[in-house]
Amino acid sequence: MNKQAWIQCALEKGMDSLEIYQSLSSRRSMTWYEGKLDTLTNSRVMGTSIRGVYQDKMANMAFEKIADEDKEKVIDQLIEQAKLLSTKEPDQIREPESFEIVKKETKWVRPSNELVQQTLQDLEQKLKAYDSRILQVNELGYEEAFGSRCITNSLGLDVQDEDQMQILMAYVVAGQGEDVQVNYEVEIVEDLARFDLDAFVKKVCDKALEKLQASSIPSQSMPVIFESEAMTSLFESFVGLFNGELLYKGISCLKDKMNEKIFSDKITIVDDPRNTDALSIANFDDEGCPTYRKTLVEQGVFVQALHSTKTANCMHTQSTGNGFKSGYASTVGVSPMNCQIIPGNHSLEELCQIMNDGLVITDLQGLHAGIDFVSTNFSLQASGYLVKEGKRSQSVTLITVAANFMELMRSVMEVGNDLDWSYHTIKSPSIYFEKCAISGE
Amino acid sequence: MLSKEECEVLLQRCLKGNADFAEIFEEDTVSEGISMVEGEIEEVNRIVRAGVGIRLYKDVQSVYGYTNELDMNSLNALIDGLRDAFGQADHDKEIHLERVEIENRHPVVIDPIEAPLSQKTQLLMEGYQAAKKQDKRIVKVTGSLSNVHQNVQIANTQGRLVQDTRVRTRLAISAYAQEGENMQSGSDSPGASQGLEFYETRTPESIGKEAARSALVLLEAQDCPSGKMPVIIDNGFGGVIFHEACGHSLEATSVAKNQSVFTGKLGQAIANSCVTAIDDGTIPNAWGSENVDDEGFPQQKRVLIRNGILENYMVDRLNGRRMNQPSTGSARRQSYKFEPTSRMTNTYIAPGKDKFEDLFEGIEKGLYARKMGGGSVNPQTGEFNFAVNEGYLIENGKITKPVKGASLIGNGKEILMDIDRVSDNLSRAQGMCGSSSGSIPVDVGQPAIRVSKITVGGTAHE
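Everything numeric in this text was worked out from a predicted model, so none of it was measured.

(A) Expanded view of the overall build of chain B. Within chain B, the secondary structure is distributed over 9 helices and 24 strands. Over its C-alpha trace chain B gives a radius of gyration of 24 Å, about what one expects of a compact globule, namely 23 Å for 462 residues. Its C-alpha atoms give chain B principal-axis dimensions of roughly 75 × 55 × 35 Å. Taken across its 462 residues, chain B has 63% of its residues classed as buried. Across chain B, contacts joining residues at least 24 apart in sequence account for 75% of those joining residues at least 6 apart. Total accessible area on chain B stands at roughly 16,100 Å², and carbon and sulfur atoms take up 46% of it.

(B) Looking closely at the overall build of chain A. Regarding its fold elements, chain A presents 9 helices and 20 strands. Taken over the C-alpha trace, chain A has a radius of gyration of 24 Å; the compact-globule value for 441 residues is 22 Å, and the two agree within 12%. Once the C-alpha set of chain A is aligned to its principal axes, its extents read approximately 75 × 55 × 35 Å. Out of the 441 residues belonging to chain A, those deemed buried represent 59%.

(C) Layout of the side chain of Ser375(A). Position of Ser375(A) relative to the elements: it lies in the loop between β15 (371-372) and β16 (377-388). When near neighbours in sequence (up to four residues on either side) are disregarded, Ser375(A) contacts Asn404(A), Met183(B) and Gln184(B).

(D) Molecular detail of the packing of aromatic side chains. All chains considered together, the criterion is met by 19 aromatic pairs over all chains. Between Phe226(A) and Phe433(A) the ring centres are 5.6 Å apart and the planes differ by 80°, which places this aromatic pair in the edge-to-face class. Highlighted residues: Phe226(A) in strand β7 (residues 220-226) and Phe433(A) in strand β20 (residues 431-439), separated in sequence by 207 residues. Residue Phe226(A) is classed as buried on the basis of its relative accessible area of 0%. Chaining the aromatic ring pairs together yields one cluster made of Phe238(A), Phe242(A), Phe263(A), Phe302(A), Phe373(A), Phe378(A) and Phe405(A). The ring of Tyr21(A) is capped by Lys325(A), whose NZ or CZ atom sits 4.6 Å from the centre of that ring. For the cation-ring pair, Lys257(B) lies above Tyr33(A), with the distance from its terminal atom to the ring centre recorded as 4.5 Å.

(E) Highlighting the sheet that holds strand β19 (residues 426-427) of chain A. Residue and element names in this part refer to chain A. Read from one edge of the open sheet, 5 strands run β10-β9-β8-β13-β19, paired in mixed fashion. A strand with exactly one partner marks an edge of an open sheet, and here the two such strands are β10 (301-302) and β19. Sheet analysis places strand β13 (residues 339-341) next to β19, joined by 2 bridges and oriented parallel. Within the sheet, the bridge partner assigned to Cys-339 lies in β19 and is Ile-426.

(F) Here's a closer look at the interface of chain B and chain A. On the chain A side, the residues contacting the 71 residues of chain B number 70 residues. Of the roughly 5,800 Å² buried between chain B and chain A on both sides combined, carbon and sulfur atoms contribute 49%. Residue Lys310(A) is joined to Glu42(B) by a salt bridge in which the shortest nitrogen-to-oxygen separation is 3.8 Å. At the boundary of chain B and chain A, one finds 39 residue pairs in polar contact (both at pLDDT 80 or more). Sorting elements by how many residues they give to the side of chain B that touches chain A places strand β2 (residues 40-58) of chain B first, with 11 residues.

(G) Just the domain arrangement of chain A, in detail. Residue and element names in this part refer to chain A. In terms of domains, chain A is made up of domain 1 (113-210) and domain 2 (215-441). Here domain 1 and domain 2 have C-alpha centroids that lie 25 Å from each other. At the interface, 12 residues of domain 1 touch 14 residues of domain 2. For the pairing of domain 1 and domain 2, the buried interface totals around 1,100 Å² over both sides, and the portion due to carbon and sulfur atoms is 55%. The largest share of the area that domain 1 buries against domain 2 comes from Arg-149, Ile-188 and Glu-210, three residues that together contribute 42% of it. Seen at the junction of domain 1 and domain 2, the total is 2 salt bridges. Salt-bridge contacts for Arg-392 lead to Glu-210; the nearest nitrogen and oxygen are separated by 3.4 Å. Viewed at the interface, domain 2 and domain 1 are joined by 6 residue pairs in polar contact (both at pLDDT 80 or more). Residue assignment for the side of domain 1 that touches domain 2 shows that the elements contributing at least two residues are β4 (134-153), β5 (158-176) and β6 (179-188). Top element by residues in the side of domain 1 that touches domain 2 is β5. It accounts for 5 residues. Looking at the side of domain 1 that touches domain 2 residue by residue, the class counts come to 6 nonpolar, 2 polar and 4 charged.

(H) Structural detail: helix α2 (residues 71-84) of chain A. Compared with an ideal rise of 1.5 Å per residue, which puts 14 residues at 20 Å, α2(A) spans 20 Å between its outermost C-alpha atoms and is within 8% of the ideal. Taken together, the buried positions of α2(A) are Val74(A), Ile75(A), Leu78(A), Ile79(A), Gln81(A) and Ala82(A). Taken down its axis, α2(A) places every buried residue within 160° of arc, on the same side. Exposed and facing more than 90 degrees away from the buried side of α2(A) are Lys73(A) and Lys83(A). For α2(A), the secondary structure elements touched by its buried residues are α1 (3-12), β1 (17-33), β2 (36-54) and β3 (57-63) of chain A together with β2 and α3 (117-132) of chain B.

(I) Summary view of the pairing of β7(A). All names here are of chain A. In the sheet, β7 pairs with β20 via 6 bridges, with the strands oriented antiparallel. What sits directly across from Phe-226, in β20, is Ile-431. Pairing geometry for β7 and strand β14 (residues 358-365), over 3 bridges, is parallel. Paired with Ile-225 across the bridge in β14 is Val-360.

(J) Examining the sheet that holds strand β16 (residues 346-349) of chain B more closely. All names here are of chain B. Read across the open sheet, the 6 strands follow the order β13-β12-β11-β16-β23-β22; overall the sheet is mixed. Whereas interior strands pair on both sides, the edge strands pair on one side only; in this sheet they are β13 (309-310) and β22 (427-435). Where β22 and strand β23 (residues 438-446) come together, 9 bridges link them in antiparallel fashion. Residue pairing for β23: Ser-427 is matched across the bridge by Gln-446. Taken strand by strand, helix α6 (residues 240-247) contacts β11 (277-280), β12 (301-306), β16, β22 and β23, and its axis lies near 115° from that of β23.

(K) A look at the nonpolar core. All names here are of chain A. Core analysis: the largest hydrophobic core is formed by 54 residues, its most contacted members being Phe-226, Leu-234, Phe-242, Phe-263, Ile-267, Ile-269 and Phe-378. No other element matches the 5 residues that helix α5 (residues 228-238) contributes to this core. Excluding residues that lie within four positions of it along the chain, Ile-269 makes contacts with Phe-235, Phe-242, Phe-263, Lys-294, Thr-295, Leu-296, Val-297, Cys-339, Gln-340 and Ile-341. Formed by 49 residues, the second largest nonpolar core is a distinct cluster that contains Met-30, Leu-120, Val-172 and Val-201.

Reading the values: rules and limits
Residues numbered from 1 in each chain as written. Chains lettered and ligands numbered in written order. Predicted model: local features only at pLDDT ≥ 70, side-chain atom pairs only at ≥ 80, totals over all residues. Heavy atoms only, no water. Helix = DSSP H or I, 4+ residues; strand = E, 2+ residues; numbered from the N terminus. Rg over C-alpha atoms; globule rule 2.2 N^0.38 Å. Buried < 20%, exposed > 50% of the residue type's maximum accessible area, 1.4 Å probe, protein only. Contact = heavy atoms within 4.5 Å. Areas by Shrake-Rupley, 256 points an atom, 1.4 Å probe, with all protein chains shown as cover. Phe/Tyr/Trp six-rings, centres within 6.5 Å; stacked < 30°, edge-to-face > 60°. Lys NZ or Arg CZ within 6 Å of the ring centre and 35° of its normal. Pairing = 2+ DSSP bridges. Buried area = accessible area lost by both parts, 1.4 Å probe. Salt bridge = Lys/Arg side-chain N within 4 Å of Asp/Glu carboxyl O. Polar contact = N/O pair within 3.5 Å; in protein donor to acceptor, adjacent residues only side chain to side chain. Domains from an automatic or database assignment. Nonpolar A, V, L, I, M, F, W, Y, C, P; charged D, E, K, R; others polar. Expected span 1.5 Å × (residues − 1). Arc of directions from axis to C-beta. Axes fitted to C-alpha atoms, helices over the stretch in contact; angles between N-to-C directions. Core = buried A, V, L, I, M, F, W, Y, C linked by side-chain atoms within 4.5 Å.

Structure, rendered in C-alpha cells:
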C-alpha cells in the first residue's frame with residue numbers, strides 16, 4: 001500500500017488529515033482429543049483501517065481487501081460519511097510525540113508441531129491418570145498468536161510494535177455418581193519444552209475435584225469473599241465506570257463524582273499499559289498516544305477517568321493514552337490496559353480466617369447478561385464453598401449472588417494479596433465483603 | 001470470488017495428502033454500523049471483509065486455515081501447511097465442481113448497505129424522537145443501526161459449489177430514565193434477514209416507544225425476592241430460556257463428544273409432554289435464517305422435541321461423522337475466520353392450548369418475567385442462568401408490582417420437565433449467540449410458558 005499516495009489524495013480532496021492503521025495477525029492452534037490430534041488451525045490476516053477528519057468530523061472505514069486504485073472512491077466515501085455526522089466537539093488525529101520505550105523481556109520459544117502434539121498427548125494421559133474421578137478431558141489445546149500494528153498519519157506520526165503469546169489450555173470433567181463438575185484452566189507457556197506439566201495437571205484437576213459433592217444452600221444474606229478470578233470477572237464488568245466516553249454520555253454513575261469518595265478506603269485502582277508484570281504491554285495506544293501509569297481511585301476517592309483523544313476533547317482534558325480498538329476494524333474506543341485493584345496484605349486463607357463464617361465465591365457465570373451497568377445492580381449464577389470457623393467446608397453450586405456494585409465496593413472488609421496477572425489485562429485480588437444476598441434453595 | 005476452476009485446482013491440492021474431504025469457504029462482506037446519541041449521529045463505520053477458510057478432514061480429525069491473501073500462491077502455501085498435519089502422501093484425485101442453484105427464500109427490496117446514509121440516519125432519528133417524547137424522565141436516548149451484506153461461496157471435494165447472499169438489518173434503541181439518583185435503562189432491538197423495508201412493519205417509532213416504556217417501569221420497580229417459586233416467562237425473547245437451558249445441549253458440538261446432558265437420549269422423554277421445540281432456519285426473512293448453512297447444505301426445519309420426546313439433534317458434517325448421522329444443515333460460523341460447527345438458527349417452543357391469563361391460575365406467590373436478558377449454559381452439567389430485565393410479582397393469581405435485579409438459574413434437564421403450561425401466543429425475538437464458531441444472529445421464541453418452580457436470584461430478603 002502506497003500510504004503517502006493515500007494521504008496526498010485525502011488532502012487534495014479537502015480532508016484535514018488521514019490516518020492508516022494496519023495490523024497483521026497470525027495464529028496457530030492445535031487441539032487434542034482421545035489420543036489424537038483433533039483440530040489444527042493456521043491463519044494470517046492483514047487488516048487496514050483508515051480514518052480521517054473532514055471539517056472536524058471523524059470518518060472511519062476498514063478493509064481486508066484494498067488496492068491503491070480504490071483510494072479516490074474510499075476518500076469520497078469518508079467525506080460523505082463525515083458530512084452526515086452531527087457531533088458538536090471536534091475530533092482529531094494525533095501529532096507525533098516522543099516517548100520512552102519500555103520493553104518486556106519474554107523469551108518466547110516457538111515449539112514445533114511435533115513438540116506440541118507430544119506435549120498434548122502427555123498432558124491428556126497425565127490428566128486422565130490423576131484421579132479416577134476425572135472422567136473426561138473435553139478440551140486440550142495449544143495456541144500461539146502473533147500480532148503487529150503500524151500507525152501512520154498525515155501529521156507525521158509513524159509508530160509500530162509487535163505482540164506475541166503462547167498458551168496451553170485444558171478443560172476436564174470430574175464426576176462422582178450423578179454429580180458432574182468441570183474446570184477450565186489457561187496457562188502462559190514461554191517454552192513448552194521446559195513447562196511444568198505436573199503442576200498444571202494438579203491445578204486443573206484439583207479445582208474440578210474440589211467442586212464435587214457441591215449443593216445449593218438456603219437463601220440468605222451472608223459475608224462473602226470473591227476469590228481473585230471471580231472478583232476479576234466482576235471488576236472487568238464494571239471497569240467501564242471509569243470510561244471517559246460513558247462518563248461523557250452520562251451512562252456511568254461516576255458522572256459528576258470526580259474527587260468524591262466512591263469506594264471503601266481499602267480500594268486503590270491503577271491502570272498502567274507499561275506494567276511489565278502483565279502479559280502484554282503497550283507504549284502507545286491505537287491512536288499513537290503514549291501510555292503511562294495513572295491512579296483511577298486513590299483509597300476510595302475517584303481521581304482520574306480513562307480517555308481517548310475524542311473523549312478528552314469532549315470533556316476538555318488530555319487523553320490518558322487509553323484510546324484502544326477492540327480489533328483492527330473497530331473504531332477507537334476507551335479501554336483500560338493492565339488495570340488492577342492494588343493488593344492488600346492477607347492471603348486467601350487469612351481472609352477466610354478473618355471472615356470465620358461465610359461464603360467464598362470462586363466462579364461467576366452469565367456476566368454478559370446478569371449485570372445492569374447503568375444501575376450497577378447484578379444478580380449472577382455463582383459457585384464456591386462455605387467457610388466454617390475459618391476453614392473450607394462444603395462446596396456450593398447453583399446459587400446466585402446479587403448486590404449493587406457501588407454499595408458492595410463501599411462494604412470492603414479486607415483486600416487479599418493474591419494478584420496474579422496470568423493472561424489478564426484487568427485484574428483484582430480476592431476481596432472480602434461485609435455481606436451479599438445469596439439465593440439458593 | 002475464486003472461479004470454479006480455481007476452486008477445483010485448490011481442492012485437488014487438498015486431497016494430494018491423506019485428507020479424505022476438503023472444503024473452501026469464501027466470503028465477501030460489507031457491514032456498516034451507525035450510532036446515535038441524543039439525536040446526534042455520532043459515528044459511522046463501514047467494514048469490508050474478504051477472505052477464505054479452507055478445511056481438510058481425515059476421518060474425524062480436522063485442520064483449518066484462513067487468510068485474506070487471496071492469490072493462488074498464498075492459498076497453495078496455506079493448503080500445503082495444513083495437508084502436512086495428516087502426514088505426507090501423493091494421491092491424485094480429480095475434482096469436478098457442479099454449481100448448485102439455490103432458491104432465495106429471503107427477498108430484499110431496499111439493500112441496507114446500498115441505501116443512502118441519510119435514509120438510514122432518519123430511522124435512528126425517528127426512534128430517538130419516539131423514545132424522548134414518552135416522558136420527561138427519559139433523560140437520554142442512544143441507538144445503533146447495523147447492516148450487513150454477506151456473499152459466500154462454498155466448494156467441496158464432493159463436487160458441490162454453492163453461492164448464497166445474506167442481508168441483515170437491525171435497529172437498537174436504548175432509553176435511560178432518571179428520577180433523582182435512580183437511573184434505569186430499557187431497550188428494544190428487532191432485526192431481520194431483510195432490507196430497510198423491514199422498518200415499514202416494525203417502525204422505529206414502535207422501537208423507541210418500547211425502549212422508553214421498559215426504562216420507565218424500572219424506575220418504579222422494587223428489589224426482586226429470592227428463592228424457589230413458580231415463574232411465568234413471557235413470549236418472544238423469553239425463548240432464551242429454551243435456547244440456553246436446552247438448545248446448546250442439543251448441538252452436535254457438545255453431543256458428539258459426550259459433553260452434553262442429552263447425549264444418547266434420542267427417543268426418550270426429556271421434557272414435559274406439553275413441550276414441542278423446533279429449530280427452523282428456513283423462516284422467510286427471519287433474523288437467524290439463511291438459504292444454505294455454512295457448509296453449503298440447504299437450511300432445514302428441525303423438530304428437536306415433539307411432545308416431550310427428543311427427536312433430533314442439530315448436526316454439522318464433522319460431528320455427524322462422529323455420531324454416524326447425516327448433517328441437518330446446522331453448520332454456522334461468524335465469518336471465514338471461524339471453523340463452522342453445529343449451531344441454532346431460529347429456535348422456539350411451539351404454541352400450546354392455554355390462554356395467557358390461565359397461566360396465572362393458582363399461583364399464590366411467583367414471578368412474571370416479561371422481558372428477559374441473555375444467559376449462558378454449561379452443556380456438560382446442564383447448569384444455566386439468565387437475567388430478567390423486566391419482572392413483576394404475581395400475588396394470588398394477579399400481576400402486582402414491578403421488580404428489578406433478578407436472575408433465574410437451574411438445570412436444563414429439570415426445567416424442561418417443570419414447564420407445566422404453554423400458552424398460544426408464540427412470538428420470536430432477535431439475539432446474537434456466541435460459541436466456538438463465533439457470534440451469529442439467532443431468533444429465540446416461545447409462547448408464554450409457566451415453570452412450576454425455578455430458583456429466582458434477587459436482592460430482597462424477607
